[in-house]
Amino acid sequence: MLAAERLFAAHGLEGVSLRQVSTAAGNGNNSAVQYHFGSRDRLIQAIFEYRLPDLNERRRVLAARLRPNDLRSWVECHIVPVLEQGEQQGSHYLGFVAKLQQTGRRDVFDQMSDEFRQPTRTFREAIAEHLAHIPEPLRSHRVAQAMAFAVHAGSQRERAQLDGGHVLPFDLHVQDLIDGLVGFLSAPTSVPPSTSEGFDPTALALPFHP
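Calculation rules
Residues numbered from 1 in each chain as written. Predicted model: local features only at pLDDT ≥ 70, side-chain atom pairs only at ≥ 80, totals over all residues. Heavy atoms only, no water. Salt bridge = Lys/Arg side-chain N within 4 Å of Asp/Glu carboxyl O. Helix = DSSP H or I, 4+ residues; strand = E, 2+ residues; numbered from the N terminus. Polar contact = N/O pair within 3.5 Å; in protein donor to acceptor, adjacent residues only side chain to side chain. Contact = heavy atoms within 4.5 Å. Core = buried A, V, L, I, M, F, W, Y, C linked by side-chain atoms within 4.5 Å. Buried < 20%, exposed > 50% of the residue type's maximum accessible area, 1.4 Å probe, protein only.

A. Representation of the pattern of salt bridges within the structure. In this structure the tally under the stated criterion is 11 salt bridges. Taking the shortest distance from any N to any O, the salt bridge between R40 and E14 comes out at 4.0 Å. You can see R40 sitting in helix α4 (residues 40-66) and its partner E14 sitting in the loop between α1 (2-11) and α2 (18-24), a full 26 residues away along the chain. One salt bridge in this structure joins D179 and R72, with 2.5 Å as the shortest N-O distance. Separated by 107 residues along the polypeptide, D179 in helix α10 (residues 170-186) and R72 in helix α5 (residues 71-85) bring together distant segments of the chain. Among the charged side chains, a salt-bridge network with shared partners connects D114, R117 and R121.

Here it is as structure tokens:
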């Protein structure tokens, strides 16, 4: 799974074969990944299933400590554990998620069990209460774009560190990013409410975020 995460982050989902993953993992049997996972989609799901338990547990710990009750604290509780993944030794998780977002596919994540997807739903519902001045579908669009930006910002930092580049101290990077996300999310809209009346937000082709 770690070999697949690294290769997907570097070359994209369609740029890597299961045979290449087997080779990168040091398995002499080039069909081992195909045999164990069955398909590329199942391998992608397995990467999420490997990463998300610790990520979501960290969210629970942060929420218990911060007791989020405003937009900033909710964003912090949800996004900091994602960014922390990129600080782990050898992690390519944020690059992997960024590449998956670029494909426009969300079905792999959506097919996973509620255990893995519930924290994201909880987050969306919680911050919606603090964005009541943003009408739908603009609110859903804005939240999805903000979280996609956070993933790509984290991916760039992850890549820079793997390449030996200089980056901001993690705490400074996180707080500055959260400042920007909160400002973007809460900014008043210039779009007249009547413009989007009757538009179903679920019809939008939005990037997912884990």
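On we go from here.
B. Main features of the side chain of S91. Tracing the chain through its elements places S91 in the loop between α5 and α6 (93-102). Polar contacts involving the side chain of S91 include one to the main-chain carbonyl oxygen of Q85, which spans 2.8 Å. Beyond its immediate sequence surroundings of up to four residues, S91 is in contact with E5, R51, Q85, G86, E158 and L162.

C. A look at the environment of P119. Counting through the fold element by element, P119 comes out in helix α8 (residues 114-128). For the pair P119 and P210, spaced 91 residues apart in sequence, the C-alpha separation works out to 8.6 Å. Contact partners of P119, with chain neighbours within four places excluded, come to N56, R59 and H78.

D. Focus on the nonpolar core. Grouped together as the largest cluster of nonpolar side chains are 53 residues, with contacts concentrated most on F8, F48, V75 and F96. Sorting elements by how many residues they give to this core places α4 first, with eight residues. Those residues within four positions of F96 in sequence are excluded, and the remaining contacts are E5, F8, A9, L13, I44, I47 and F48.

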